[in-house]
Amino acid sequence: MQEALNVSFSWRTVKRLFPVCFNFWITGPLLCLLSFCLNAGAQENMAFFTKAKRDPLKRHVHMMHLDGFRSDLFEKLLKAGQLPHFSLLLARGRVSYDASTVDKSETMKVIESYLTSRRDTTIAGWWQFNRTSYQFKNFWLDPPEVINYELGLEFPSNPTLFDYLTYEGETVTSGFALHRRNVPFKNYSSAFGEGGMAVLQHTYYDQAHATMAGIQKVYERIAKSPSEKIPALSTSLLACADEFSHLMGAVASLHERISTEGEYCVSRESLDAVEDQRMEQVFKLIENDSDQRTVLTKKSFQKGPLKKEKALGHFTKISRNPYSGRPQEFCFVLPKIESFNSEQTSLGLSTSTTPALAYAEPHYVLGMIVVDIEIGRLINTLRSFRFDCTRDSDHCFEKKTQPGIENYVRRGRLENSLFEQTLFLFFGDHGMVDTKYMMAEDNENNRHYGREVDSEEVSFLEALNRGLEIAIPSSKLSTHPEAKIGIDDRHLPLELSFPHKIERWQSTIVKNSVLQSQVWAKNFFANLIADFKDDALDALWFLFSYGKSKIEHAEKQYVDPAEPTIIDVLTKLHLKGDAHYNTEEKKFLSDFYEKHVEVVYGGGAKNNAEIFLPASSGKDHASWKTRPSYSTILSNRKLFATLKALPSVGLIFVRKDNHKISPAEPLPKQTEIVVMDRFENRGEIVVRRDANTGELLYAYRVTKNRDPLGYDLPKERNLRYRTYNEWNDLSVERDHYYHNAVAGMGSYLYSTNPAIGDLTLMHAQGWNFGDNAGGHGGLHKEEKRTIILASGPGIPPSENLMAFSRYRTSVDPQGKTVLQPANQERTHPTIVDLAPTVLHWLGYDIDALAKMPEPEFKRHLSRWKESQVAQYPGDFVSLLLPIAQSFARNKIPGIDVDFEPKTRQGFHELFRFMRLENVEGKKQSVSHLDGNLLDLGARAR
């Protein structure tokens with residue numbers, strides 16, 4: 001890439017050079033004129049950046065998970081020059097706008113997939129129901145499950161990149177990437193405080209900034225420590241684009257602030273209190289950028305490394321107060337992206353493929369721009385991680401290299417930094433689809449975020465239970481002896497929400513355990529509140545008795561009403577550490593499900609749903625010990641009538657051999673999966689495993705009326721089997737709206753995972769099963785297709801990043817499918833290709849995770865568990881303190897929250913359940929990973 005960057009005159013330049021002109025009145029004018037000329041006319045060639053050579057002794061990969069990055073929006077922003085740091089990285093990089101995520105496209109599941117290079121994972125969604133244990137697990141809200149997910153105590157059962165690299169003696173780091181098994185706590189930077197506030201107040205830009213600040217601190221600490229090794233792998237996750245799209249959608253609902261050219265301006269004067277809080281971090285980024293110099297306007301860069309005719313800059317303009325210099329307004333351009341019309345689905349298909357163009361939602365666009373600014377901060381930090389040190393170390397930290405990426409490009413000289421040696425892998429975990437048709441209450445909040453008037457006013461569970469003529473339970477009440485109920489994780493009877501409060505099933509031993517846990521919970525909560533009250537009194541000492549009465553009033557108003565529920569939750573958590581109690585509770589839960597539960601809405605993001613059914617129902621007791629057969633499922637006419645009447649339901653998937661699927665049994669050699677829509681269209685996915693290679697093969701046929709997937713494939717004498725990658729390529733090349741549904745859902749449902757339902761539903765176009773204005777988790781191409789960008793030394797630039805196929809199929813003269821090695825034929829990349837690529841770049845076998853010896857893997861996991869059982873309670877306090885301070889200071893400015901020894905010891909007791917979690921490595925028998933090696937170019941391989 002030979003294009004030049006032309007840096008122009010800017011007001012920031014005037015402010016930077018004015019003191020020089022003023023203080024040196026004789027030489028000043030000459031210096032200023034020279035500087036202005038250089039700044040206005042410099043056209044330094046980007047070739048210097050692409051000449052950095054790989055040093056095998058300085059191997060480093062940074063994987064950045066770009067939550068919710070939709071490929072068409074990213075491409076338009078990049079080519080318009082609004083993501084200048086991504087543009088810089090592409091001077092020595094490759095990008096795919098046709099990369100694909102896994103099914104289901106949910107963040108928690110995708111993280112497991114890209115760390116293990118496995119499509120079949122333990123996680124089916126961020127909240128899920130486990131049919132074997134009769135338990136709901138919420139990996140975003142439930143403390144034990146958040147810890148299980150983060151630390152990997154219970155899953156994944158296959159090796160991750162972190163597992164293998166630490167086993168090989170490498171150093172790894174992680175920045176708020178939600179999963180950190182085998183990452184030392186000191187190498188883990190979290191933003192849980194900002195994350196908690198972001199969930200409550202939607203301040204996701206603050207969270208992104210705090211996340212990057214934590215990553216920078218880890219890198220800086222390692223750079224300053226002569227004895228520490230360069231990390232082989234670092235991971236990070238930035239979520240602001242995803243979260244704002246969930247809240248407001250993927251396309252703009254309001255247009256009054258969008259100019260005819262698509263420019264959108266944010267002015268401090270026009271913001272209400274809520275928007276002002278959300279946008280404050282963006283204004284801070286602009287205002288406090290004098291050291292980092294990562295916020296750019298169109299005046300900063302006039303020519304970019306990708307397109308000569310495009311100006312580079314995050315913002316079209318930034319207006320400042322002429323006296324204070326504080327930013328008062330910034331503007332950026334909203335691209336138009338495809339928006340599909342869900343009203344056309346009455347044609348007898350579950351989806352329409354006729355798109356319109358609509359402006360992208362402003363916060364969604366700004367989320368990507370803020371990520372690009374934060375990447376600039378990361379680049380500056382890695383530039384300061386230097387290898388040209390004079391002391392007794394091979395690395396050091398040189399902050400003097402910080403002044404801006406503009407200057408780095410203008411000078412045109414390599415710096416011998418970690419930045420120049422890093423392989424960056426940027427990837428979206430999924431895209432985002434606009435879903436403003438909701439199944440949620442019609443209230444002012446939902447209407448504000450674009451809720452369509454034809455939305456359903458009842459929840460998905462309420463609609464389901466009405467159709468089945470069964471009740472929704474209350475968490476405060478016991479279930480009537482004759483009642484039949486349908487449940488999800490938020491609508492549970494007292495028996496399931498707090499089983500310890502139901503005495504009828506408890507033996508004397510269990511009752512004693514419950515009593516001990518209740519006493520402990522009350523004491524722990526009392527100590528916790530006492531700590532906060534003491535800290536609050538210290539902060540309000542100057543108010544004397546008034547301060548004390550104010551605190552007591554707050555306690556009565558906020559703490560006392562919530563105390564009974566908090567005690568119940570703490571008791572439940574404490575009992576998780578009692579093995580005997582857990583065994584007896586599971587027996588009670590099993591009996592309760594048999595007598596009362598008719599259906600479980602068991603999890604998924606709001607764009608999909610898992611429906612669990614008993615093996616039999618009606619007058620007889622329901623049986624939850626086995627799955628229902630296909631014929632039993634189809635005979636549930638009330639259920640299907642209800643689903644077909646709901647406009648939110650798009651596709652329904654059911655396994656024909658559903659009753660044979662069990663974690664205790666091997667999978668059948670072949671599985672048939674029926675896919676249907678609400679209009680009586682039906683098809684069938686066939687999945688089988690090749691006996692010689694272990695590779696899964698997939699075929700598809702239409703069995704009734706029209707093709708519900710809209711693929712319209714030609715009829716063939718025999719079923720035409722294809723590999724996962726071949727089906728994926730077909731969907732990319734033919735622009736299927738349901739992207740790679742055959743192999744995607746085939747690989748998802750060919751699994752013994754007890755968190756997968758008896759029916760799996762996908763949302764209809766424009767709809768979701770909750771109150772998200774935008775979402776993911778379904779099969780629509782807006783959410784299934786995303787981006788992968790690779791940038792590193794020696795990579796020749798390209799806008800067509802591909803991967804190498806492992807296998808390909810052909811048809812012999814008899815019409816049968818033949819599987820054979822692909823001989824490095826190119827295929828479109830997928831998320832699971834990241835792990836093999838990281839391993840290859842670092843000098844390991846691309847299938848090293850699959851070939852890791854199982855005994856060593858188990859011992860490695862055991863060592864991790866032992867260390868975390870000992871260390872994590874203390875680590876958790878370190879994580880919790882900033883969160884507690886953030887929440888407390890929101891109420892009492894200046895409060896310094898701390899925990900006394902009794903409270904700290906209480907956390908050790910609370911986490912005793914960690915000793916019971918079963919960490920074991922049950923590696924898949926296939927000797928290769930599901931992913932391929934990305935094609936990074938001849939010089940990189």
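Not measured: the values here are computed from a predicted model.

(A) How the structure looks around the sheet that holds strand 3 (residues 60-66). The strand order across the open sheet formed by seven strands is 4-28-17-3-9-7-8, and the pairing between neighbours is mixed. What marks the edges here is a single partner per strand, and that holds for strand 4 (93-100) and strand 8 (188-189). Docked against the sheet, helix 27 (residues 834-841) engages strand 3, strand 9 (233-238), strand 17 (422-428) and strand 28 (785-791), running at close to 165° with respect to strand 3.

(B) Quick peek at the environment of Asn728. Tracing the chain through its elements places Asn728 in helix 24 (residues 724-734). For Asn728, a relative accessible area of 0% translates into the label buried. Spatially, the C-alpha atom of Asn728 lies 14 Å from that of Arg119, the residues being 609 residues apart in sequence. If we ignore the near neighbours within four places in the chain, the residues touching Asn728 are Ser100, His739, Asn740, His828, Pro829 and Thr830.

(C) Focus on the side chain of Lys436. Mapped onto the elements, Lys436 comes out in the loop between strand 18 (433-434) and helix 16 (444-448). A relative accessible area of 5% means that Lys436 is categorised as buried. Here Asp434 takes part through its side chain, which lies 2.7 Å from a polar atom of the side chain of Lys436.

(D) Seen up close, the pairing of strand 9. For strand 9, a buried count of six out of six residues is recorded, marking the element as mostly surrounded by other parts of the structure. Relative to strand 9, strand 3 runs parallel, the two being bridged by six bridges. Opposite His62, over in strand 9, you have Ser234 as the bridge partner. As paired strands, strand 7 (residues 172-175) and strand 9 are joined by four bridges and run parallel to one another. For Gly175, the partnering residue across the bridge sits in strand 9 and is Ser236.

(E) Broad picture of a negative patch on the surface. There is a patch of like negative charges on the surface, built from Asp534, Asp538, Asp896 and Glu900. By the secondary structure assignment, Glu900 is in the loop between helix 29 (854-891) and helix 30 (901-910). Relative accessible area serves as the criterion here: at 43%, Glu900 is assigned to the partly exposed category.

(F) Highlighting the nonpolar core. In terms of nonpolar packing, the biggest core is built from 87 residues, with Val61, Met63, Tyr114, Leu233, Leu425 and Leu834 touching the most fellow members. Considering each element in turn, this core owes the most residues, nine residues, to helix 29. With sequence-adjacent residues up to four places away left out, Tyr114 is seen in contact with Met63, His65, Leu161, Phe427, Ile831, Leu834 and Ala835.

(G) Looking closely at helix 11 (residues 240-248). Of all nine residues in helix 11, nine are buried; the element is thus mostly enclosed. Listing the buried residues of helix 11 in full gives Cys240, Ala241, Asp242, Glu243, Phe244, Ser245, His246, Leu247 and Met248. Buried-residue contacts for helix 11 involve helix 10 (204-224), strand 9, helix 12 (273-287), helix 13 (362-384) and strand 27 (774-775). Positive backbone phi, approximately 100°, marks Gly249, located one or two places after helix 11.

(H) Examining the sheet that holds strand 12 (residues 327-333) more closely. The antiparallel open sheet is built from three strands, whose spatial order is 10-12-11. Each having just a single partner strand, strand 10 (263-267) and strand 11 (317-320) make up the two edges of the open sheet. Taking the axes of each pair of neighbouring strands and ignoring which way they run, one obtains an average angle of 15° across the sheet. Here four bridges tie strand 11 to strand 12, and the two strands are oriented antiparallel to one another. Bridge pairing in strand 12 links Lys317 to Cys331. Strands strand 10, strand 11 and strand 12 of the sheet are contacted by helix 12, whose axis makes an angle of about 100° with strand 12.

(I) Examining the packing of aromatic side chains more closely. Scanning the entire structure with this criterion turns up 49 aromatic pairs. Between Phe315 and Phe330, the aromatic rings sit 5.0 Å apart at their centres with planes inclined by 50°, giving tilted as the arrangement. Of this pair, Phe315 sits in the loop between helix 12 and strand 11 while Phe330 sits in strand 12, and the two are 15 residues apart along the sequence. Classification of Phe315 as buried rests on a relative accessible area of 0%.

(J) Broad picture of a nonpolar patch on the surface. On the surface, Trp140, Leu141 and Val199 cluster together into a nonpolar patch covering about 280 Å² of accessible area. Inspection of the secondary structure assignment puts Leu141 in the loop between strand 6 (135-138) and helix 7 (143-151). The exposure class assigned to Leu141 is exposed, which follows from its relative accessible area of 55%.

(K) Up close: the pattern of salt bridges. Counted by the stated rule, this structure contains 53 salt bridges. The partner of Asp758 in a salt bridge is Arg131, with the nearest N and O atoms 2.8 Å apart. Placement of Asp758 in the loop between helix 25 (741-749) and strand 26 (759-763) and of Arg131 in the loop between strand 5 (127-130) and strand 6 is noted, with a sequence separation of 627 residues between them. Note on accessibility: Asp758 and Arg131 belong to one class, buried.

(L) Focus on the packing of helix 19 (residues 508-539) against helix 20 (residues 545-575). Where helix 19 meets helix 20, the closest approach of the two axes is 9 Å, and the angle between their N-to-C directions is 150°. The angle between helix 19 and helix 20 falls in the class roughly antiparallel. As helix 19 runs across helix 20, the sense of the crossing is right-handed. Of the residues in the contact of helix 19 with helix 20, the class split is 14 nonpolar, five polar and five charged.

(M) The environment of Tyr724, seen in detail. Along the polypeptide, Tyr724 turns up in helix 24. Here Tyr724 falls in the buried class, since its relative accessible area comes to 3%. Linking Tyr724 and Arg54, residues 670 residues apart in sequence, is a C-alpha distance of 33 Å. Each residue touching Tyr724, except ones within four places of it in the same chain, is listed here: Thr101, Val102, Arg119, Leu696, Tyr698, Asn740, Ala743, Gly744, Ser747 and Thr830.

(N) Spotlight on the confidence of the model for the protein chain. Predicted confidence across the protein chain gives a mean pLDDT of 87, with 91% of residues reaching 70 or more. Every residue in residues 1-44 is under pLDDT 50, and counting partners more than four places away or in other chains gives 77 contacts. Residue range residues 301-309 is modelled with pLDDT below 50. Its contacts to residues more than four positions away, or to other chains, number 38 contacts.

(O) View of the state of the cysteines. Applying the stated criterion across every chain yields a total of two disulfides. Covalent S-S linkage joins Cys265 and Cys331, the inter-sulfur distance amounting to 2.1 Å. The disulfide joining Cys265 to Cys331 has a torsion of about 105° about its S-S bond and is therefore right-handed. In this pair, Cys265 sits in strand 10 while Cys331 sits in strand 12, placing the two residues 66 residues apart along the sequence. What pairs with Cys389 in a disulfide is Cys396, and their sulfur atoms sit 2.3 Å apart. On the sign convention where negative is left-handed, the bridge of Cys389 and Cys396, at about -100° about the S-S bond, is left-handed. Neither residue differs from the other here; Cys389 and Cys396 are each classed as buried.

(P) Representation of unusual backbone geometry. Residue Lys104 is reached from Asp103 by a cis peptide bond, and omega for that bond is -10°. Within the secondary structure, Lys104 sits in the loop between strand 4 and helix 6 (107-116). Backbone torsion omega between Phe155 and Pro156 reads 0°, so that peptide bond is classified as cis. With respect to the element layout, Pro156 can be found in the loop between helix 7 and helix 8 (161-167). Positive phi, normally seen in glycine, also occurs at Ser117, with a value near 60°. Here Ser117 is to be found in the loop between helix 6 and strand 5. Residue class for Ser117 comes out buried when judged on its relative accessible area of 0%. One non-glycine residue, Asn823, adopts positive backbone phi at about 55°.

Thresholds applied
- Residues numbered from 1 in each chain as written.
- Predicted model: local features only at pLDDT ≥ 70, side-chain atom pairs only at ≥ 80, totals over all residues.
- Heavy atoms only, no water.
- Pairing = 2+ DSSP bridges.
- Helix = DSSP H or I, 4+ residues; strand = E, 2+ residues; numbered from the N terminus.
- Contact = heavy atoms within 4.5 Å.
- Axes fitted to C-alpha atoms, helices over the stretch in contact; angles between N-to-C directions.
- Buried < 20%, exposed > 50% of the residue type's maximum accessible area, 1.4 Å probe, protein only.
- Polar contact = N/O pair within 3.5 Å; in protein donor to acceptor, adjacent residues only side chain to side chain.
- Patch = residues over 30% accessible without salt bridge, like charges linked within 9 Å, V, L, I, M, F, W, Y side chains within 5 Å.
- Areas by Shrake-Rupley, 256 points an atom, 1.4 Å probe, with all protein chains shown as cover.
- Salt bridge = Lys/Arg side-chain N within 4 Å of Asp/Glu carboxyl O.
- Lys, Arg positive; Asp, Glu negative; His and termini not counted.
- Charge placed at Lys NZ, Arg CZ, Asp CG, Glu CD.
- Core = buried A, V, L, I, M, F, W, Y, C linked by side-chain atoms within 4.5 Å.
- Phe/Tyr/Trp six-rings, centres within 6.5 Å; stacked < 30°, edge-to-face > 60°.
- Parallel < 35°, antiparallel > 145°, perpendicular 65-115°, else oblique.
- Left-handed = near helix turned anticlockwise from the far one by under 90°.
- Nonpolar A, V, L, I, M, F, W, Y, C, P; charged D, E, K, R; others polar.
- pLDDT = per-residue confidence, 0-100.
- Disulfide = S-S within 2.5 Å.

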